[in-house]
Amino acid sequence: MSRSLRRGSIAAIAAIAIASLSSCAAGNTPDTLQIKPDNAAATLGTNLRLNNIVVVTGENTAGDYTGAASVVVNIANTANIPAELQSVTVGGAAATFADAAGAPLSSIVVPAGGAVAIGGQGNPSATVASATVHVGGFAPTVFTFKDGQKVEAQAGVNPNLGIYNGYGPTPSPTATPAKTATPGATAPATGATTPGAPTTGAAVPAGTTAPAVPAAH
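Cut-offs used in this document
Counting starts from 1 at the beginning of each chain's written sequence and moves along it residue by residue. Thresholds applied to this predicted model are a pLDDT of at least 70 for local features of residues and 80 or more for the giving and counting of side-chain atom pairs; totals over whole chains, interfaces and linings are not thresholded and use all residues. Note that water and hydrogens are dropped before the side-chain values are worked out from all heavy atoms of the structure. Each helix is a run of DSSP H or I of at least 4 residues and each strand a run of E of at least 2, with the numbering of both proceeding from the N terminus. Partly exposed residues are those whose accessible area sits between 20% and 50% of the maximum for their type, while under 20% is buried and over 50% is exposed, using a 1.4 Å probe and protein chains only. We call two residues contacting when some pair of their heavy atoms lies within 4.5 Å. Think of it this way: DSSP has to see at least two bridges between two strands before they count as a pair. Take the buried Ala, Val, Leu, Ile, Met, Phe, Trp, Tyr and Cys residues and link them wherever side-chain atoms come within 4.5 Å; each set so joined is a nonpolar core.

1. Focus on the overall build of the chain
A count of helices and strands for the chain gives two helices and 11 strands. Helices and strands appear in the chain in the N-to-C order α-α-β-β-β-β-β-β-β-β-β-β-β. Here the chain, with 217 residues, has 27% of them falling under the buried criterion. By sequence separation, contacts in the chain at least 24 residues apart represent 62% of the contacts at least 6 residues apart.

This is the structure:
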């Protein structure tokens, strides 16, 4: 093989290798492959960061599901003023807020330079009474703040199991049935004598005088 042909072959091989590497670099980026993290995250402006956004359904749920669900998220605020979360929706269904003790809240305040975890024991909660989602899939979840800013994330939907155990919607307490009287059983009247029991003296009808007891001779 002549020197010119050899140089041409090497150049062709190098060009193919560069093209191959370029295509690999383009194809392995998260944007190209549409890879989504296990837990969604979003940034609002320069001060608010929403991490680990998850929608948690009941314990024994799977597939297409409509029912109660909890929104789990950690919101960090680096601004020097508080941020106020006013609403959360999952697939268009609005959540209600409650504090750690279960008392209703109209909004959740994220302190300046601090963070708030929503969901789980000891934290405020955001619960949707009836969300239509697919367990194991993703659900559009929108957070709206007092200043009108909104952020939407595709939150993963998981049942209340494993690492999400304790983060699902709290079931309503079951009412305790009232006691019912046994049919036919009636409480004995006050002063009534039990049949067959010995008496210590005869009852005297009202308005009558007891007979005199004869004196002993």
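2. Section: the pairing of strand E11 (residues 150-159)
Alignment of strand E2 (residues 48-57) against E11, held across four bridges, turns out to be parallel. Looking at E11, one finds that valine 55 is bridged to valine 157.

3. Some points on the nonpolar core
By size, the foremost hydrophobic cluster in this structure holds 35 residues, and its most contacted members are Ile75, Leu85, Phe143 and Phe145. Filtering out sequence-adjacent residues up to four positions away, isoleucine 75 remains in contact with Leu48, Arg49, Leu50, Leu85, Val110, Gly114, Ala115, Val116, Ile118 and Phe145.

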